[in-house]
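Survey of secondary and tertiary structure
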Amino acid sequence: MTSSNYDQKHIGHVLFVRHLVYIMAAVDFRDNLLGISWVDSGWVPILNPGNVLDYFSERSNPFYDRTCNNEVVKMQRLTLEHLNQMVGVEYILLHAQEPILYIIRKQQRQSPTQVIPLADYYIIAGVVYQAPDLGTVISSRALSAVHGIQSAFDEAMAYCRYHPSKGYWWHFKDQEEREKNKPKSKKKEEPSSLFQRHRVDTLLLDLRSKFPPTFYQPKPGEKPIPVEVKKEPEPPTEAVKQEEREPVTKSSAPAPPSKPPPEKRARLQ
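Description of the structure in this document. (Residues numbered from 1 in each chain as written. Predicted model: local features only at pLDDT ≥ 70, side-chain atom pairs only at ≥ 80, totals over all residues. Heavy atoms only, no water.)

In terms of nonpolar packing, the biggest core is built from 17 residues, with Phe56, Tyr91, Ile104, Tyr121, Ile123 and Val128 touching the most fellow members. Of all the secondary-structure elements, those providing two or more residues to this core are α2 (52-56), β2 (88-97), β3 (101-111) and β4 (114-124). (Core = buried A, V, L, I, M, F, W, Y, C linked by side-chain atoms within 4.5 Å. Buried < 20%, exposed > 50% of the residue type's maximum accessible area, 1.4 Å probe, protein only. Helix = DSSP H or I, 4+ residues; strand = E, 2+ residues; numbered from the N terminus.)

Structure (structure tokens):
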């Protein structure tokens, strides 16, 4: 892959990630109630399943819809059982775990037996939160993942270096400090090879045969013992003289006859 192709591919990935971040960040979160909470400390000590809907219908609660059927029933001083006979938005107590947890559901009633859930709210220790829906959870997870990828791309580009003669390489800030602080390990001496050991043994044996030791020490600390060197017997002098005479007799053998000089002839006058 050439450097130009690599640049185009890398820039394309970065632009795609940035474009995705901008699209997801452009969503208007002003009407989103997932990031806020509400509490009225005066109600917290006396909360129970009987008055939790009254606590939720406080005017300062941003999660409560004033146009719901609960408000109509409250103004007419009717019981909550009349909600089943009405059509529209209503709030019900879905689950209660005293004294810490209460779950309230907002739903659209279409008939006495048919409702459509719109949102869920949970109250923990008197603090009201809106439960996120599946789309919001997926969007939040995707935005977090894209933000992490974008941060990784930005950090990676800060360590990337390029030179026309060398190409691309990575240059980390802590790399030089790590190399300086890294303890230098001593190089282990390599053991001798089989050829070297065999060659040295051969040379030592050769030297020992040429120069035999004159002393021998049986054990360390004991007195060395002289070694008797066996001398080879010298040949008798008569045999030496005979060997010297033989080449002489061979050299005194008769030489082949030489050619006679050419005869001189008289010149004709």
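Now for helix α4 (residues 134-159). Counting along an α-helix, one turn takes 3.6 residues, and residues three or four places apart therefore face a common direction. Here α4 contains 26 residues, and its C-alpha end-to-end distance of 38 Å stays within 8% of the 38 Å for a straight helix at 1.5 Å per residue. For α4, the set of buried residues is Val146, Gln150 and Tyr159. (Expected span 1.5 Å × (residues − 1).)

Summed over the entire model, instances satisfying the criterion amount to three salt bridges. The residue Arg109 makes a salt bridge to Glu90 at a minimum N-O spacing of 2.9 Å. Here Arg109, found in strand β3, pairs with Glu90, found in strand β2; they are 19 residues apart in sequence, far enough to count as distant. For the residue pair Arg109 and Glu90, the accessibility class agrees, reading buried in each case. With its nearest N and O atoms 3.0 Å apart, the salt bridge here joins Arg105 to Asp120. Placement of the pair is Arg105 in strand β3 and Asp120 in strand β4, with a sequence separation of 15 residues. In this structure Asp120 comes out as partly exposed when scored by relative accessible area, which is 25%. (Salt bridge = Lys/Arg side-chain N within 4 Å of Asp/Glu carboxyl O.)

We now examine the pairing of strand β6 (residues 160-163). Bridge count for β6 against strand β7 (residues 167-170) is four bridges, and the pairing is antiparallel. Bridge assignment links Tyr162 to a residue of β7, and that residue is Tyr168. Hairpin connection of β6 to β7: three residues between the antiparallel strands. (Pairing = 2+ DSSP bridges.)

Applying the stated criterion across every chain yields a total of ten aromatic pairs. Their ring planes at 55 degrees and their centres at 5.3 Å tell us that Phe56 and Tyr91 sit as a pair that is tilted. A residue pair is termed long-range when its members are at least 10 positions apart, and Phe56 in helix α2 and Tyr91 in strand β2 qualify at 35 residues. For Phe56, a relative accessible area of 0% corresponds to the buried category. Overall, Tyr91 belongs to the buried group, its relative accessible area being 1%. Ring geometry for Tyr91 versus Tyr121: centroids 6.5 Å apart, planes at 45 degrees, classification tilted. A residue pair is termed long-range when its members are at least 10 positions apart, and Tyr91 in strand β2 and Tyr121 in strand β4 qualify at 30 residues. A connected cluster of aromatic rings, assembled from ring pairs, spans Phe56, Phe63, Tyr64, Tyr91 and Tyr121. We note Lys166 situated over the ring of Trp169; from NZ or CZ to the ring centre the distance is 5.5 Å. (Phe/Tyr/Trp six-rings, centres within 6.5 Å; stacked < 30°, edge-to-face > 60°. Lys NZ or Arg CZ within 6 Å of the ring centre and 35° of its normal.)

Moving on: the pairing of β2. By the bridge criterion, nine bridges tie β2 to β3 in an arrangement that is antiparallel. Bridging across to β3, Glu90 finds its partner in Gln107. The hairpin turn running from β2 into β3, its antiparallel successor, is three residues long.

This part covers unusual backbone geometry. Cis geometry is adopted by the peptide bond preceding Pro99, which originates at Glu98 and carries an omega value of -5 degrees. Summarising the element assignment, Pro99 is placed in the loop between β2 and β3. Even without a glycine there, the phi angle at Arg77 is positive, about 55 degrees. Judged by relative accessible area, Arg77 falls into the exposed class, the value being 79%.

Together, Val200, Leu204, Leu207 and Phe211 give the surface a local cluster of nonpolar side chains, amounting to about 420 Å² of exposed area. By secondary structure assignment, the location of Leu207 is in helix α6 (residues 194-210). Relative accessible area serves as the criterion here: at 47%, Leu207 is assigned to the partly exposed category. (Patch = residues over 30% accessible without salt bridge, like charges linked within 9 Å, V, L, I, M, F, W, Y side chains within 5 Å. Areas by Shrake-Rupley, 256 points an atom, 1.4 Å probe, with all protein chains shown as cover.)

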